[in-house]
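# Remarks on the overall topology
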Amino acid sequence: MSLQIIRPGLLTSIQDTGRYGYQKIGVLVSGAMDTYSMRLANILVGNNENEGTLEITLLGPTIEFTADTLIAVTGGDFKPIIDGMPVPYMRPVAVKAGAIMKFGSCQIGCRAYIAVAGGFDINPVMGSKSTYIRAGIGGFKGRALQKGDQLNTVTPNAFGQQMLSQLLSRGAQSFAEARWYIGKTHLSTENLRKPIRVTAGLHYKYFDQQSKYSFFSSGYTITNNADRMGYRLKGEMLKTEKPLEIISEAIGLGTIQIPPQGMPIILMADHQSVAGYPVIAQAIAVDAARIAQMKPNDHIHFKLISNEEGERLFIEMEKYMENIKIAVNAKLQN
Amino acid sequence: MLELDEIKDLMQALEHSSLSRIKLKFSDGTILLEKNGSPTAAALPTTPKCEQPVPRTLLNTGSEKIEEITAPMVGTFYSSPEPNMPSFVQLGTKVHHNTVVCVLEAMKLFSEIEAQTEGEIVEILVKDGDFVEYGQPLFKIKTY
């Protein structure tokens, strides 16, 4: 059982929740940019939620399925089609052998995730199937997918197999989707309009009044220098009251630092382990997934919240994920 | 309290017993062992099984029949896939067997409800956001 890559798209790579425990020796966490969408894709096909998925970016791939395969697509809307028919998101879809799935360019969001029941047959590197492209480790040969790549998949578990045969029993031509789906969670139209919520960064207090005001009131534009490592923003210039001599500090997904030119950088999934620019703010965990769905030229607004509120939102989201998992498992079982 | 080995023995015993948890009280503390999975699995609400509804015939005047589409499960009724999106169907919409007429939300999952009959929607019996019971009529359909 495998997936044949007919066209790779702009940047398609295998990503899971990330490679943890090795930042101390300089190995990045990597992993999916929008981990919620990635985890949901896995949950929908009965996988462990940390299983490797395909992360696709801005312009999607064309994939041929060599065997009947249960998949789920989540995240940004790439309008995928099989035989001219739109393939719905956020639900299990049984794809028949020989079907060719074409993703277009991203209409809403920036990244989508494709999970296959059973997962991809690749060996984890340092405990993760994520592709760390700059170092050339993990994922499929340590790189983004290319034309002609053949990704083997693992036999799905009982849930996955049952769902696959159940859906195919309806007599599908090239694919059959479940008659149920998950709501749009953090990517609902309403949520996408909300500002990105941040907590005050370690060096927030050293920024001058005008910068503190501008950062939260003026809004920024994402420049073309935006990749899996970080997004460079453009807008009102920000500076500290006095030049700051700081020692490099640990940083994380969603850390917003201000280099001397005064334009913010948001660090994303492939961020380095330490950085030495003043940190004005930290995007909350829940909203980092929304930043992952923004693309160059999108506008970004920031809103300051407390650490407690950020934590509350994180716990709320995890509870939601847990409920989804229970509900989907029950669906897959009956 | 207990030595580590004794706790491990207890864990073994629990694993092979039909109990789901053991709680031991000591003068200097409490040990609570709970079996992985079993209590949560038992506490799991079973998802309402969503089969497609079987339309019920209300009126039969020979050439024209009025049928009802009923809710196959409990849940919250939504007439459109997302707020501010057009409804799946409206009064006068002609539906086929597999036309999706609404979605019902239960346990964060949205189930698409198909008409399972052919005809024209003549009455919508519930409002967006209404909680509907199993078997509750949702639509009236004039079939030919």
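Conventions and cut-offs
Position labels on residues start from 1 in each chain and follow its written sequence. Here chains are named by letter from A upward and ligands by number from 1 upward, in the order in which they appear as written. Selection of residues for local features in this predicted model requires a pLDDT of at least 70, selection of side-chain atom pairs for listing and counting requires 80 or more, and totals for whole chains, interfaces and linings are taken over all residues. Partly exposed residues are those whose C-beta has more than 12 but fewer than 20 other C-beta atoms within 10 Å; with 20 or more the residue is buried, with 12 or fewer it is exposed, and the C-beta atoms are placed from the backbone. The helix count covers DSSP runs of H or I at least four residues long, the strand count covers runs of E at least two residues long, and both are numbered beginning at the N terminus. Only strands joined by at least two bridges in the DSSP assignment are considered to pair. What marks off one domain from the next here is an automatic or database domain assignment. With C-beta atoms placed from the backbone, a contact is any residue pair whose C-beta atoms sit within 7 Å. In the scheme used here, Gly and all other residues not listed as nonpolar or charged are polar, with Ala, Val, Leu, Ile, Met, Phe, Trp, Tyr, Cys and Pro taken as nonpolar and Asp, Glu, Lys and Arg as charged. UniProt positions are given in the numbering used here, feature names are shortened, and annotations may be inferred rather than shown by experiment. One less than the number of residues in a helix, times 1.5 Å, gives the span that helix is expected to have.

## Regarding the pairing of strand β4 (residues 62-65) of chain A
All names here are of chain A. Residue alternation in β4 divides its side chains into a buried set, I63 and F65, and an unburied set, T62 and E64. Here strand β1 (residues 2-7) pairs with β4 via four bridges, running antiparallel. By the bridge assignment, L3 is partnered in β4 with F65. Inspection of the sheet shows β4 paired to strand β9 (residues 100-102) by three bridges, in the antiparallel sense. For I63, the partnering residue across the bridge sits in β9 and is M101.

## Brief notes about the domain arrangement of chain A
For interface size, the figure often reported is the accessible area lost on association. Residues and elements named next belong to chain A. What the domain assignment reports for chain A is domain 1 (2-182) and domain 2 (194-314). Measuring from the centre of the C-alpha atoms in domain 1 to the corresponding centre in domain 2 gives 30 Å. Contact residues are listed per partner, giving 18 residues for domain 1 and 12 residues for domain 2. Mapped by element, the contributors of at least two residues to the side of domain 1 that touches domain 2 are α1 (35-44), β5 (69-77) and β10 (108-116). The residue inventory of the side of domain 1 that touches domain 2, partitioned by class, reads seven nonpolar, nine polar and two charged.

## Let's talk about the UniProt feature "domain: Lipoyl-binding" (unreviewed entry) in chain B
Under the local residue numbering, the UniProt record ascribes the feature "domain: Lipoyl-binding" (unreviewed entry) to residues 66-142 of chain B. For the annotated span residues 66-142 of chain B, helix accounts for 0% and strand for 49% of the residues, and the straight-line distance between the end C-alpha atoms is 5 Å.

## Details of helix α1 (residues 4-15) of chain B
In an α-helix, one full turn covers 3.6 residues, which means residues spaced three or four apart are oriented alike. In a regular helix each residue adds 1.5 Å, so 12 residues correspond to 16 Å; α1(B) covers 17 Å between its end C-alpha atoms and thus fits that length. Burial runs low along α1(B): only zero of the 12 residues are buried.

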